[in-house]
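# Structural characterization, general
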Amino acid sequence: NAGVMQNPRHLVRRRGQEARLRCSPMKGHSHVYWYRQLPEEGLKFMVYLQKENIIDESGMPKERFSAEFPKEGPSILRIQQVVRGDSAAYFCASSPIGGGLNTEAFFGQGTRLTVV
Amino acid sequence: GDSVTQMEGPVTLSEEAFLTINCTYTATGYPSLFWYVQYPGEGLQLLLKATKADDKGSNKGFEATYRKETTSFHLEKGSVQVSDSAVYFCALSALNDYKLSFGAGTTVTVRA
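Conventions used here
- Residues numbered from 1 in each chain as written.
- Chains lettered and ligands numbered in written order.
- Predicted model: local features only at pLDDT ≥ 70, side-chain atom pairs only at ≥ 80, totals over all residues.
- Heavy atoms only, no water.
- Contact = heavy atoms within 4.5 Å.
- Buried area = accessible area lost by both parts, 1.4 Å probe.
- Salt bridge = Lys/Arg side-chain N within 4 Å of Asp/Glu carboxyl O.
- Polar contact = N/O pair within 3.5 Å; in protein donor to acceptor, adjacent residues only side chain to side chain.
- Helix = DSSP H or I, 4+ residues; strand = E, 2+ residues; numbered from the N terminus.
- Nonpolar A, V, L, I, M, F, W, Y, C, P; charged D, E, K, R; others polar.
- Pairing = 2+ DSSP bridges.
- Axes fitted to C-alpha atoms, helices over the stretch in contact; angles between N-to-C directions.
- Disulfide = S-S within 2.5 Å.
- Phe/Tyr/Trp six-rings, centres within 6.5 Å; stacked < 30°, edge-to-face > 60°.
- Buried < 20%, exposed > 50% of the residue type's maximum accessible area, 1.4 Å probe, protein only.

So, about the interface of chain B and chain A. Think of interface size as the accessible area that goes away when the parts come together; that is how it is often given. With 20 residues of chain B at the interface, the matching set in chain A holds 23 residues. For the pair chain B and chain A, the summed buried area comes to about 1700 Å², and 58% of that belongs to carbon and sulfur atoms. If you look at where chain B meets chain A, you find one salt bridge. For the salt bridge of B:Lys99 with A:Asp56, the shortest nitrogen-to-oxygen distance reads 3.2 Å. On the surface where chain B and chain A come into contact, there are five residue pairs in polar contact (both at pLDDT 80 or more). Of all the secondary structure elements, the ones that give two or more residues to the side of chain B that touches chain A are β5 (32-38) and β6 (44-50) of chain B. Of the residues contributing to the side of chain B that touches chain A, the split by class is nine nonpolar, seven polar and four charged.

Okay, here's the thing in structure tokens:
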């Protein structure tokens, strides 16, 4: 059973370009979470999605960032007009249900975005 | 808001040494507490967890006890191996919440 797959592992973008980060959850998981880790900081929650629905985007920056989890295909985190401050590691996690004492979220390897 | 503070690294140890990574938290109510581990080239994996005060989580020789009085969840292992070299993250979530709040991570290197 493959784990959570993120790609690309490393992404370099020039300022002003768009970055698209992909996350394929574990088989049978319909809940996806995105986290961002800025240098020297812990992972910070960004957004929680179920298939075709955004459940909680309270951690998403108000501009330039969007996320989707379509009925078919991976979840996409999209960053428009990237700036140097967007350089970070972006982690995706998935779970079979949406939370609770016995729900474990499984994490991918992360995508390291560098904006030059 | 909820937050986690963990010991800064990096930490370098010899094989069979004792490992402690300190973690303290700030939260309202009674959160669940976790330790995640990220081995080189891999994603974060849940190492252990505790869901109420005085619970002890354990796995792979690692242990951590939920101490409400000191708001701590320190990770310990009595005899580390080279294969324990990894980044360790302390985290919490509010009861029945899906959001995890993480510490900055502690890089541990074990030398043979």
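That shown, we press on.
Residues and elements named next belong to chain B. Read from one edge of the open sheet, four strands run β3-β9-β8-β7, paired in antiparallel fashion. Looking at which strands have only one partner, the edges of the open sheet turn out to be β3 (19-21) and β7 (56-59). Averaged over all pairs of adjacent strands, the angle between their axes in this sheet comes to 15°, without regard to strand direction. With three bridges connecting them, β3 and strand β9 (residues 75-77) associate as antiparallel partners. Looking across to β9, one finds that Thr20 is bridged to Glu76.

We now examine the state of the cysteines. One pass over the structure, following the stated rule, counts two disulfides over all chains. Here A:Cys23 is linked by a disulfide to A:Cys92, with a sulfur-sulfur distance of 1.8 Å. Across the disulfide from A:Cys23 to A:Cys92, rotation about the S-S bond amounts to roughly -55°, and the bridge is consequently left-handed. Of this pair, A:Cys23 sits in strand β3 (residues 19-24) while A:Cys92 sits in strand β9 (residues 88-95), placing them 69 residues apart in sequence. Between the sulfur atoms of B:Cys23 and its disulfide mate B:Cys90 the distance is 1.9 Å.

Now for the side chain of B:Gln38. Secondary-structure assignment places B:Gln38 in strand β5. One polar contact links the side chain of B:Gln38 to the main-chain carbonyl oxygen of B:Glu42, over a distance of 3.1 Å. Setting aside its immediate chain neighbours within four residues, B:Gln38 contacts A:Phe91, A:Gln109, B:Gly43, B:Leu44, B:Ala86, B:Val87 and B:Phe89.

A few words now on the sheet that holds strand β7 (residues 65-68) of chain A. All names here are of chain A. Taken together, the four strands give an open sheet; going across it, the order is β1-β3-β8-β7, and neighbouring strands pair in antiparallel fashion. Whereas interior strands pair on both sides, the edge strands pair on one side only; in this sheet they are β1 (5-7) and β7. Within this sheet the neighbouring strands show an average axis-to-axis angle of 15°, counted without direction. In the sheet, β3 pairs with strand β8 (residues 75-79) via five bridges, with the strands oriented antiparallel. Across the sheet, the residue bridging to Arg20 is Arg78, located in β8.

This structure, assessed with the given rule, holds 14 aromatic pairs over all chains. Ring geometry for A:Phe45 versus B:Tyr98: centroids 6.2 Å apart, planes at 50°, classification tilted. Of this pair, A:Phe45 sits in strand β5 (residues 43-50) while B:Tyr98 sits in the loop between β10 (86-93) and β11 (101-102), on two different chains. Under the relative-accessibility criterion, A:Phe45 is labelled buried at 11%. Ring geometry for B:Tyr36 against B:Phe102: centres 5.7 Å apart, planes inclined by 55°, an arrangement best described as tilted. Here B:Tyr36 is found in strand β5, whereas its partner B:Phe102 is found in strand β11, with 66 residues between them in sequence. The two residues B:Tyr36 and B:Phe102 agree in class, both being buried. The rings of A:Tyr33, A:Tyr35, A:Phe45, A:Tyr48, A:Phe107, B:Phe34, B:Tyr36, B:Phe89, B:Tyr98 and B:Phe102 are connected pair by pair, giving a single aromatic cluster.

Everything listed here is a matter of geometry and, on its own, says nothing about what the molecule does.
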